[in-house]
Amino acid sequence: MSAVTDRLPAFPWDKLEPYKKTAAAHPDGIVDLSVGTPVDPVPDLIQKALIAAADSPGYPTVWGTPALRDAITGWVERRLGARDVTHRHVLPIVGSKELVAWLPTQLSLGPGDRVAYPRLAYPTYEVGARLARAEYETYDDPTQLNPEGLKLLWLNSPSNPTGEVLPKDELTRIVAWARQHGILIFSDECYLELGWEADPVSVLHPDVNGGSYEGIVAVHSLSKRSNLAGYRAAFLAGDPAVLAPLLEIRKHGGMMTSSPTQAAVVAALGDDTHVQEQRERYTTRRTALREALLNHGFRIEHSEASLYLWATRGESCWDTVAHLADLGILVAPGDFYGEAGENFVRVALTATDERVQAAVNRLS
């Protein structure tokens, strides 16, 4: 066991515990804007679909029911503008974090292979490389990387933590470069439906990939857009030559989404109304928090999409965390996401309207 755990970094969220205690001691209670976990109810039609499928005594399949694959292919074409998507182009997964952490291992990467991800990024990209004992590195522009030995290139647009959105022409340039060098792209697009000041584009769009899915796979999650973090519901879409062996590996590993969850995903992907309603909630919270932070002396960078505001007061992120904790507000320090975030904090929009208003009042 120690041989595996020794490869892993310290779990970053443990460092936040003392500040959480400070924030929780506020007379009006803590406003937790750190983790980014949904707090609003699961939409009723999704709950009903889950309940209707509750009597599921048999094993589910890793590839999912035909109805689930139909729902995914239909959504990918309707929402992302993809074309000619078949069941071979999709694969359900047990939440996106599981996929990110174990993908390099499932791709048979190891010592001597390289994995690259953005300089400011979700920490699990590094964890996945470490678990596979592959080398890892960060980038500002992936096309400036040495392509030799680079086997997996992670894109993340909209970004976690910054909310930055890669324009269509930038995605097109990166895809062309990666294909030229035979580098596999996995594009983490879990926040794609949460664009505020930009309209995020998928690598699955024909304007980006030229109508071919060769060498590209997109990762999508229902955690944020449908409040299904507790359901562990996500999927992949893209190159069948990549997904087919992943499907076989995941069959052997028993990485299957539960039958009731599969039914819930069918309902969720078939309905756009609840997504718009949730977007409106987040829009209201984002507007209020953004104005309050700016008035408090913060500068907001990027943040044109996703569920976060990337904010700085021009000081160490931990000084900012401590300052806000004294106000009863807990945020995530930017250095959780890379050294380039050392002067920033990530402020999540995932709190109730009442708690967001409490934060606004305290910042005022």
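Before any of the text, the structure's been laid out above.
Residues numbered from 1 in each chain as written. Predicted model: local features only at pLDDT ≥ 70, side-chain atom pairs only at ≥ 80, totals over all residues. Heavy atoms only, no water.

1. Section: helix α9 (residues 240-253)
For α9, spanning 14 residues, the distance from its first C-alpha to its last is 19 Å, which sits close to the expected 20 Å at 1.5 Å a residue. Those residues of α9 that fall on the buried side of the exposure criterion are Pro240, Val242, Leu243, Leu246, Leu247 and Arg250. Viewed along the axis of α9, the buried residues span an arc of 140 degrees, placing them on a single side of the element. In this structure, α9 carries Ala241 and His252 as exposed residues pointing more than 90 degrees from its buried face. Those residues of α9 that are buried lie in contact with β2 (90-93), α5 (96-106), β6 (184-188), β7 (216-221) and β8 (234-238). N-capping of α9 is provided by aspartate 239, with a side-chain oxygen placed 2.9 Å from the backbone N of alanine 241. One or two residues past the end of α9 sits glycine 254, with phi positive at roughly 65 degrees. (Helix = DSSP H or I, 4+ residues; strand = E, 2+ residues; numbered from the N terminus. Expected span 1.5 Å × (residues − 1). Buried < 20%, exposed > 50% of the residue type's maximum accessible area, 1.4 Å probe, protein only. Arc of directions from axis to C-beta. Contact = heavy atoms within 4.5 Å. Polar contact = N/O pair within 3.5 Å; in protein donor to acceptor, adjacent residues only side chain to side chain.)

2. Topic: the sheet that holds strand β9 (residues 299-301)
One open sheet holds the 4 strands; their spatial order is β9-β10-β13-β12, and the pairing between them is antiparallel. Only two strands of the sheet have a single neighbouring strand rather than two, namely β9 and β12 (332-333). Relative to strand β13 (residues 345-348), strand β10 (residues 308-312) runs antiparallel, the two being bridged by 4 bridges. When the sheet's bridge partners are listed, alanine 311 is paired in β13 with valine 345. (Pairing = 2+ DSSP bridges.)

3. Digging into the pairing of β8
Across the 5 residues that make up β8, a large majority, 5, are buried. The side-chain alternation of β8 yields two buried faces, one formed by Ala234, Leu236 and Gly238 and the other by Phe235 and Ala237. Across 4 bridges, the pairing between β2 and β8 is antiparallel. In the strand pairing of β8, isoleucine 93 is matched with alanine 234. Sheet topology note: the β7/β8 ladder contains 5 bridges and is antiparallel. Bridge pairing in β8 places alanine 218 opposite alanine 237.

4. A word on the pairing of β6
Burial analysis of β6 places 5 of its 5 residues in the buried class, the great majority of the element. With burial as the criterion, each face of β6 is covered, one bearing Leu184, Phe186 and Asp188 and the other bearing Ile185 and Ser187. Pairing of strand β5 (residues 150-156) with β6 involves 5 bridges; the strand directions are parallel. Looking at β6, one finds that leucine 155 is bridged to serine 187. Each parallel crossover has a hand, and for β5 linked through helix α7 (residues 168-180) to β6 it is right-handed. In this sheet, β7 lies alongside β6 in parallel orientation, the contact comprising 4 bridges. Across the sheet, the residue bridging to isoleucine 185 is isoleucine 216, located in β7. (Right-handed = clockwise from strand over helix to strand, strands pointing away.)

5. Here we look at the nonpolar core
Within the largest apolar cluster, 68 residues are counted, with the highest numbers of intra-cluster contacts made by Leu33, Trp154, Phe186 and Leu236. With 43 residues, the next largest nonpolar core counts Leu155, Leu166, Trp177 and Ala264 among its residues. (Core = buried A, V, L, I, M, F, W, Y, C linked by side-chain atoms within 4.5 Å.)

6. Observations concerning the pattern of salt bridges
What the rule picks out here adds up to 21 salt bridges. Notably, a salt bridge pairs arginine 299 with glutamate 301, separated by 2.8 Å at the nearest N-O pair. Residue class for arginine 299 comes out partly exposed when judged on its relative accessible area of 45%. What makes glutamate 301 partly exposed here is its relative accessible area of 28%. Residues participating in the shared-partner salt-bridge network are Asp28, Glu354, Arg355 and Arg362. (Salt bridge = Lys/Arg side-chain N within 4 Å of Asp/Glu carboxyl O.)

7. As for empty space enclosed by the protein
The final tally for this structure, using the stated rule, is 3 cavities of 30 Å³ or more. Of the pockets and cavities examined, the largest cavity occupies roughly 60 Å³. In terms of lining, the largest cavity is formed by Trp75, Glu189, Cys190, Tyr191, Leu192, Glu193, Leu194, His220, Ser221, Lys224 and Arg225. A class-by-class count of the residues in the lining of the largest cavity yields 5 nonpolar, 2 polar and 4 charged. (1 Å grid on protein atoms, 1.4 Å probe; cavity = no way out; pocket = protein on both sides within 12 Å on 5 of 7 lines; lining within 4 Å. Points joined across faces, edges and corners; volume = space filled by probe spheres on them. Nonpolar A, V, L, I, M, F, W, Y, C, P; charged D, E, K, R; others polar.)

8. Things to note about α7
Taking 1.5 Å per residue, 13 residues should reach 18 Å; α7 reaches 18 Å between its end C-alpha atoms and fits that length. Buried within α7 are the following residues: Leu171, Ile174, Val175, Trp177 and Ala178. Take α7 and look down its axis: the buried residues cluster within an arc of 165 degrees, on one side only. Exposed residues on α7 whose side chains face more than 90 degrees from its buried face are Asp169 and Gln180. Looking at the buried positions of α7, the neighbouring elements they touch are β5, β6, α8 (206-209) and β7. Of the residues flanking the end of α7, it is glycine 182, one or two places downstream, whose phi is positive at about 65 degrees.

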